[in-house]
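Listed below, chain by chain, are the residues.
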Amino acid sequence: MIRKAVKMLNRQRLSLIATVLLASLLITLLSGCWDNRELDSLFIVTGIALDKAPDSDLITVTLQIGKTESKTGASSESGSQEDKNAIILKASGRTPLHGIKRLNFNSSRSLFYEHNQAVLFSSELAREGLKEYLDFFLRDYESRMEVPVFVTDGPTDRILAVDLEQEQSAGMYLARVIQDLSKLSPYYKVRMLDFLSRTREETVSALIPMVAAYDEEDLQKLQICGMAIFKDGKMLDSLNNYETLGYILAMGDVKLIGIEAQSEKGHVIFNTINLDTKRDVKLRQDGGVQVKLSVEGALGIGELKGFNGMDFPKVIPELTKMAEERIKEQIAETFEKAKSLEADIYAIGSEIHRKHPKKWEQMKSSWGSVFSNIDLTVDVKVEIPETGKSMISLEMEGASHEDR
Amino acid sequence: MRIDKGQISSRLLLFSVACFLQSSALLTAFLTEITRQDSWIVVLLGAIVYLPFLWLLGTLMAMFPEQNLIQILDEVYGPVLGKILGLAYLWFFLTLSSVNLTDLADFTKGTIMFRTPAPAMSAVCILVSAIAVRKGIKLVTKFSPLFVIVAIVTMTLSTFLVINQFKLENFLPIFTLPAKSYFQGTHIIATIPFGEMVVYLMIHPNVKFSRREIRKSLFWGFAVGGLTLWSTTLRDIGVLGNTVDLFTVPSLITFRLVQVGPSISRTEILFAIILIMLLFYKITLLYYVAVLTISQLFKIRSYNHLVLVVGSLMITYGLTLYPSPQKQAASVQETVPVIWTVFEILIPTLTFILAKIRKLPKAKEA
Amino acid sequence: MLIEFILRKLRFLLDGNNSSYYQTEHKDRTYTSVGDIGNNLDENLCSLKKLFVNSSDLKIHKFKFGGGYEFSGAVAFIDGLASSSTVTEAILRPIIEWQPEEGPLSMREIADILSESVLWAGEVEKVSTMSKLAGGCLSGDTAILIDGCCHALVVNSKGWDKRSVAEPESETVVRGPREGFTENLRTNTALIRRKIKNPKLRTEMLTVGRKTQTDICLMYLDGVADEKVVEKVKYRISNLKVDSILESGYIEEYIEDAPFSPFATIGSTEKPDVVAGRLLEGRVAIVVDGTPFVLTVPMLFIEIFQTTEDYYTRPLYASIMRMLRMTAYFITIFAPAIYISLTAFHQELLPTTLLFTIANAREGTPFPVFLEILIMIFSYEILREAGIRLPRAVGQAVSIVGALIMGEAATSAGLVGAPVVITVALTAVSSFLVPMQNESASIIRILIMILSSILGLYGVAMGFLALLLYLGSLTSFGIDFFAGFAWTRNLQDSAVRMPLWTMVKRPANIARGDMTRRRFFVPPLRPYAAEEEDDSEGGEDVE
């Protein structure tokens, strides 16, 4: 009995083992490892740029590819300084993907987008509207939603091809710069997702950082030179860095920016310790909208110049007043610009949508004109609890030793 | 005649139920597409609507502690009608497991293995599941506490990691969608993740329990699973805002947004793997139930030979179910809840009423 | 076709083995059929010699004794097994010097008198069959045959050369007892008994192996060990129809629950304190003569992460070390597979800078990652095997050649990338943390690598689940092999080691009956504890 049972068990076991072996054999042999892509068969894309193709209605897709080089074997030749850090591939097509598919014909390896660091649109293309080109970034499995987007001042390929001193490639550089800037204010960081989300909401205008290339003593450099204003996927205008600051102050959640203020008495730069803006949107009876921004925060003195002969305790209220005025002014200036463009970069419309969904239905169609007639009041209240390491400026009263 | 003699504790049942529901948390797209930012309300509504039926389920289990669903049907409806209903349930369970298997394969294909054919993934999954199914209910449910803990830890951790991107405004406006979509959403949520708990009617004879305990375990399992589902929905809406209905798997996009420092940002694949493991648990349970149903219906003493056969059946059936994920989404939103309602709510209710009228379990005791 | 053929072959082999048992069984018992001991000394000696034909180590010495040397007798022993000083001093000398006081004695009485009052021996057995006599001789005893008496005396004179108790080489400790088992069964049981001075410690002897007649000793604490397990072990061992048992590994293979599993489901150790600890948890120890490795059953998977030192060092540190060991075990199984799936499937998971570093290293290497890692692991296994088999001094040289020269040369020649070398090295080093499951780990590692090379991380996840389910399906003498990680009542001693005073009960899934280790859950924080109440009492006498 027992022997029989043991035999049965063995037979079953063996047939099971055989089945599993057969199955795994089949899987291994028939598979061909579908998703397997060896690293040395990949071009790692670190930047994608879209531009208008010259003299045609096509667009140019420029890809920047991080270069990998073998450190072992045949390294003697690579000593030359001419080596660039990145490979630039270019093609034109009707849509981004159309261009990229063309690129497959002249690249030795397959393109790999998951590590893309930046997406760039040229301002020329942006002015004509980006909506039709965004679908690719939304649909493609490999493209990542948290890639930062940029608008370039000038042709995009030049920016991607810039040979930088600071980072390996322009894509990496831009990603790092944005990472760094987002420590100042989260509104600097515009990811693909944010851009899409804002473009989807019809009334909201998206902002995208602008980047420009310039030469400086033989060295090529890139810099962020403001933000492009989009409305319905089309670029209207741009804010310069100064105006961007006004926007950021209006949006609140400011972490660490410098605010420069000047009066006849002296010149001062404040560092924000914390600064937040509360927004209160009210609908007026006549259909207009009233927006009240109340900025509250603490500033530290970063640098002080002037204020000759003044007593330190007296300086503080003076400084506070200066800072408050400055912030107010800056916010208002940017707001005026947005109003003149009828571009709701502050997403006031969607706030009304959320809070007063019914009234919003009526306003929605004429939002542009409503926006341009918004009443803005700015309330600023700052404190200066921090003066840096030194209590007083050298030029100030109490600082001089003559008192003793 | 009980085919699988393994016994599990009622605590294991609790975890099993919780894990079963949690695994649905990754496929909330069918809901968010309809009810957008109000999905979280709908999840709550669905849970409340399902509660009486959960009680019903517990009562049925307590009424027939020694019989599984097929045997209950046999007893309540007589041998002929009972068998017909049993066959219908067999179809239901098979479809359910195939649908989930296809979901797993499609999810994997859509998140980490873009070019690998889905059947290869289902086949591997079935081969691994078969290890558990062959050994019976004990092994099938053995690791459910582990999965529950992993799921809760993952959800909590990911929530903490995206909390800085969480915006309360994203929940506004509330209640602006047409009433029909609320109804539809509630129906979907009550039938698709919650209603599927009807499969536990096949398992309860293997649970060591007393009458009160079974309802308690069912309820707590339901609570844990439902809460996870609800908080996942909340988190996804809060983070993704108005883009939540754009994506096929909102949770995954949420995970994509996780950034811990500049170097560790691409974490979504790890989460995807964990979600796959959770779904794997559900498939194993459904697979086991399907195999058990077949052997119960055809009175086979040992189902070991059946396991791989049913597995391959599930794979092939899954291939023919839906031509594309879009079709599947459409059917999940429209036809599936209706058919599922019959199996998950109507028949159990009818069985309960008939059994009460005929005073069935009491006759048996005497 | 091919598989069917292989199947048939295997089945044939299995069947063949079974039937050959029963055929050889009777033939082999030749010496048992020699018969009883007769009255005539010469005849007896003759048949003894016939039994041990061509055995030069059987020594037979005839002598005469009694007051007037009227009796004749003979001693027979195996040279080398019996200690010659015992034979001369404790057996021959008293017999020959003995002066019978009373009158004529029957031969039968002489045997009794000899065993009771003459011999200086602690263990004398009167046997009447030749087979028992031969068996006694073979285990080192000395047989005394007396002319005219149909009984022989078998006197304990075991005294062969044996290794002394020394520090075990396979398990070294920083803190803890340094003695290890030897090849001698009695020394081993004595070592264990010295740890547990309790009459309830049972030591049951069994003899297994038709040809080797190996002594096996079952040890367990009565009232603590699960009787079902004890019965199961006894049943399985006593039903072994085997030819030879040379090491405890033989026993292990014959009696384990899962013979095809890569995981050992029976624990083995060289240290008496480990065995004592396990006995106190309610396990059964199987001591086999001729090997310093003692088996303990049932075994739990978690035991591979537990070392004795855990219980001798601070609980916090011990817990951290345990978790480290678990992580290391995970690494040693999964690291190569994860590396493959990260670099060949899911490059997006790597941070960008790391990706470029790895890509730079990959540039110019000729093989796919999977092959690259396989080659490295293969050569590592070669090196390891070489290091173990060779004499220690040479072994070190091998490891230097392997580690330094091969690794360095392979990388600089561009055959393999440096990250691969790092991964494999990490895998190898991690495996040293869990030496007990090294063999299983190296098999499973390869399987999971294959899975990952086909299906990437999905394959790894499925491999993980399969491993989990497989471990969950294993049992060791009816106990869940994978128990002890969660939802057991003795969580104090699983992934973490809680302080000893929290371990109030013995492990619930192993021990039966007397479960109490300590009566109270009292932390040793109170001053003057001894004066207030005595909580030091064990559970032994409480019931």
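Draft legend 1. Structural view of the overall build of chain B. Helix and strand content of chain B: 15 helices and 2 strands. Sequence-distant contacts in chain B: of pairs separated by 6 or more residues, those separated by 24 or more amount to 84%.

Draft legend 2. Quick peek at the overall build of chain A. Secondary structure assignment for chain A yields 12 helices and 13 strands. The proportion of buried residues among the 404 residues of chain A is 37%. Of all intrachain contacts in chain A linking residues separated by at least 6 positions in sequence, the fraction that spans at least 24 positions is 72%.

Draft legend 3. Focus on the sheet that holds strand β4 (residues 142-146) of chain C. All names here are of chain C. Taken together, the 5 strands give an open sheet; going across it, the order is β1-β2-β4-β5-β3, and neighbouring strands pair in antiparallel fashion. One side of each edge strand has no neighbouring strand; the edge strands of this open sheet are β1 (58-65) and β3 (124-127). Mean inter-strand twist for the sheet, computed between neighbouring axes without regard to direction, equals 25 degrees. When β1 meets strand β2 (residues 71-78), the two strands line up antiparallel, connected through 8 bridges. Bridging from a neighbouring strand, Lys62 pairs with Ala74 of β2. Strand contacts of helix α5 (residues 130-138): β2, β3, β4 and β5 (152-155), with the helix running at about 55 degrees to β2, the strand carrying the most contacts.

Draft legend 4. Region of interest: the packing of helix α7 (residues 144-162) of chain B against helix α11 (residues 268-297) of chain B. Residues and elements named next belong to chain B. Running from amino to carboxyl end, α7 crosses α11 at an angle of 145 degrees, the nearest separation of the two axes being 10 Å. Handedness of the α7/α11 crossing: left-handed. Contact residues: Ser144, Phe147, Val150, Ala151, Thr154 and Ser158 in α7; Phe271, Ile274, Met277, Leu278 and Tyr281 in α11. Tallied by class, residues from the contact of α7 with α11 come to 8 nonpolar, 3 polar and no charged.

Draft legend 5. Structural context of the environment of Gly195(B). With respect to the element layout, Gly195(B) can be found in the loop between α8 (179-194) and β2 (207-208). Among residues more than four places away in sequence, those in contact with Gly195(B) are Tyr50(B), Ala190(B), Trp340(B), Glu344(B) and Ile345(B).

Draft legend 6. How the structure looks around the interface of chain C and chain B. Chain C puts 19 residues into the contact, and the matching count from chain B is 24 residues. Residues that form the side of chain C that touches chain B fall into these classes: 14 nonpolar, 4 polar and 1 charged.

Draft legend 7. How the structure looks around α11(B). Between its first and last C-alpha atoms α11(B) spans 43 Å; for 30 residues at 1.5 Å apiece the expected length is 44 Å, and the two agree. Following α11(B) by one or two positions, Lys299(B) has its phi on the positive side, about 50 degrees.

Draft legend 8. Broad picture of the packing of α8(B) against helix α14 (residues 335-358) of chain B. Residues and elements named next belong to chain B. Between α8 and α14, the least distance of the axes is 9 Å, while the angle of their chain directions is 50 degrees. Between α8 and α14, the crossing angle belongs to the class labelled oblique. The element α8 and its partner α14 pack so that their crossing is left-handed. In contact with His187, Ile188, Thr191 and Ile192 of α8, α14 contributes Val336, Pro337, Trp340, Thr341 and Glu344. A class-by-class count of the residues in the contact of α8 with α14 yields 5 nonpolar, 3 polar and 1 charged.

Draft legend 9. Structural detail: the domain arrangement of chain A. Residue and element names in this part refer to chain A. We note that the domain assignment places domain 1 (39-67 + 84-239) and domain 2 (241-404) within chain A. The interface of domain 1 with domain 2 comprises 18 residues on the first partner and 22 residues on the second. Secondary structure elements with two or more residues in the side of domain 1 that touches domain 2: β8 (219-231) and β9 (234-239). Split by residue class, the side of domain 1 that touches domain 2 holds 10 nonpolar, 4 polar and 4 charged.

Draft legend 10. The environment of Lys282(B), seen in detail. Residues and elements named next belong to chain B. Looking at the secondary structure, you find Lys282 in helix α11. Taking the C-alpha atoms as reference points, Lys282 and Leu101, 181 residues apart in sequence, are found 9.1 Å from one another. Dropping the residues within four chain positions of it, Lys282 is found in contact with Phe20, Ser23 and Asn100.

Draft legend 11. Expanded view of the confidence of the model for chain B. All names here are of chain B. Residues of chain B with pLDDT of at least 70 account for 94%, and the chain-wide mean is 83. Mean pLDDT in chain B bottoms out at helix α15 (residues 360-365), which sits at 55, and peaks at helix α5 (residues 118-135), which reaches 89. Across the predicted assembly, pTM comes out at 0.84 and ipTM at 0.90.

Draft legend 12. Fine view of the environment of His151(C). Residues and elements named next belong to chain C. Structurally, His151 can be placed in the loop between β4 and β5. Along the primary structure His151 and Met107 are separated by 44 residues, whereas in three dimensions their C-alpha atoms are 9.4 Å apart. In this structure, His151 is in contact with Ile37, Ala111, Lys126, Val127 and Ser128, ignoring residues within four places of it in sequence.

Draft legend 13. Expanded view of the confidence of the model for chain A. Residue and element names in this part refer to chain A. Looking at chain A, the pLDDT average stands at 77 and 85% of residues meet or exceed 70. Taken element by element, chain A is modelled with least confidence in helix α1 (residues 2-31), mean pLDDT 66, and with most confidence in strand β5 (residues 119-122), mean pLDDT 87. Contacts from residues 399-404, a stretch scored under 50 in pLDDT, to residues over four places away or in other chains number 4 contacts.

Draft legend 14. Geometry of unusual backbone geometry. With an omega dihedral of -15 degrees, the bond running from Val297(C) to Pro298(C) counts as a cis peptide bond. Relative to the helices and strands, Pro298(C) resides in the loop between β10 (294-297) and α10 (308-312). Phi at Asp232(A) takes a positive value of approximately 55 degrees, unusual for a residue other than glycine. As for its placement among the helices and strands, Asp232(A) is situated in the loop between β8 and β9.

Draft legend 15. Expanded view of the sheet that holds strand β9 (residues 284-288) of chain C. Residues and elements named next belong to chain C. Across the sheet, which stays open at both edges, the 5 strands sit in the order β6-β7-β9-β10-β8 with antiparallel pairing between neighbours. At either end of the open sheet lies a strand with only one pairing partner, and these are β6 (201-208) and β8 (267-269). Averaged over all adjacent pairs, the angle separating strand axes in this sheet is 25 degrees, with direction ignored. Of the pairings in the sheet, the one linking strand β7 (residues 214-221) to β9 comprises 4 bridges and is antiparallel in character. Across the sheet, Met219 pairs through a bridge with Ala285, a residue of β9. Across the sheet, helix α9 (residues 272-280) is in contact with β7, β8, β9 and β10; its angle to β7 comes to roughly 50 degrees.

Draft legend 16. Highlighting the pairing of strand β1 (residues 42-52) of chain A. Residues and elements named next belong to chain A. Summarising burial for β1: 11 of the 11 residues are buried, a large majority. In this sheet, strand β4 (residues 110-112) lies alongside β1 in parallel orientation, the contact comprising 3 bridges. Of the residues in β4, the one forming a bridge with Ile44 is Phe112. Here β1 pairs with strand β2 (residues 59-66) via 8 bridges, running antiparallel. Bridge pairing in β2 links Ile48 to Leu63. Linking β1 to β2, which pair antiparallel, is a turn of 6 residues; within it Asp55 sits at a positive phi near 45 degrees. In this sheet, β5 lies alongside β1 in parallel orientation, the contact comprising 3 bridges. Looking at β5, one finds that Ile48 is bridged to Val119.

Rules and cut-offs
Residues numbered from 1 in each chain as written. Chains lettered and ligands numbered in written order. Predicted model: local features only at pLDDT ≥ 70, side-chain atom pairs only at ≥ 80, totals over all residues. Helix = DSSP H or I, 4+ residues; strand = E, 2+ residues; numbered from the N terminus. Contact = placed C-beta atoms within 7 Å. Buried ≥ 20, exposed ≤ 12 C-beta atoms within 10 Å, placed from the backbone. Pairing = 2+ DSSP bridges. Axes fitted to C-alpha atoms, helices over the stretch in contact; angles between N-to-C directions. Left-handed = near helix turned anticlockwise from the far one by under 90°. Nonpolar A, V, L, I, M, F, W, Y, C, P; charged D, E, K, R; others polar. Expected span 1.5 Å × (residues − 1). Parallel < 35°, antiparallel > 145°, perpendicular 65-115°, else oblique. Domains from an automatic or database assignment. pLDDT = per-residue confidence, 0-100.

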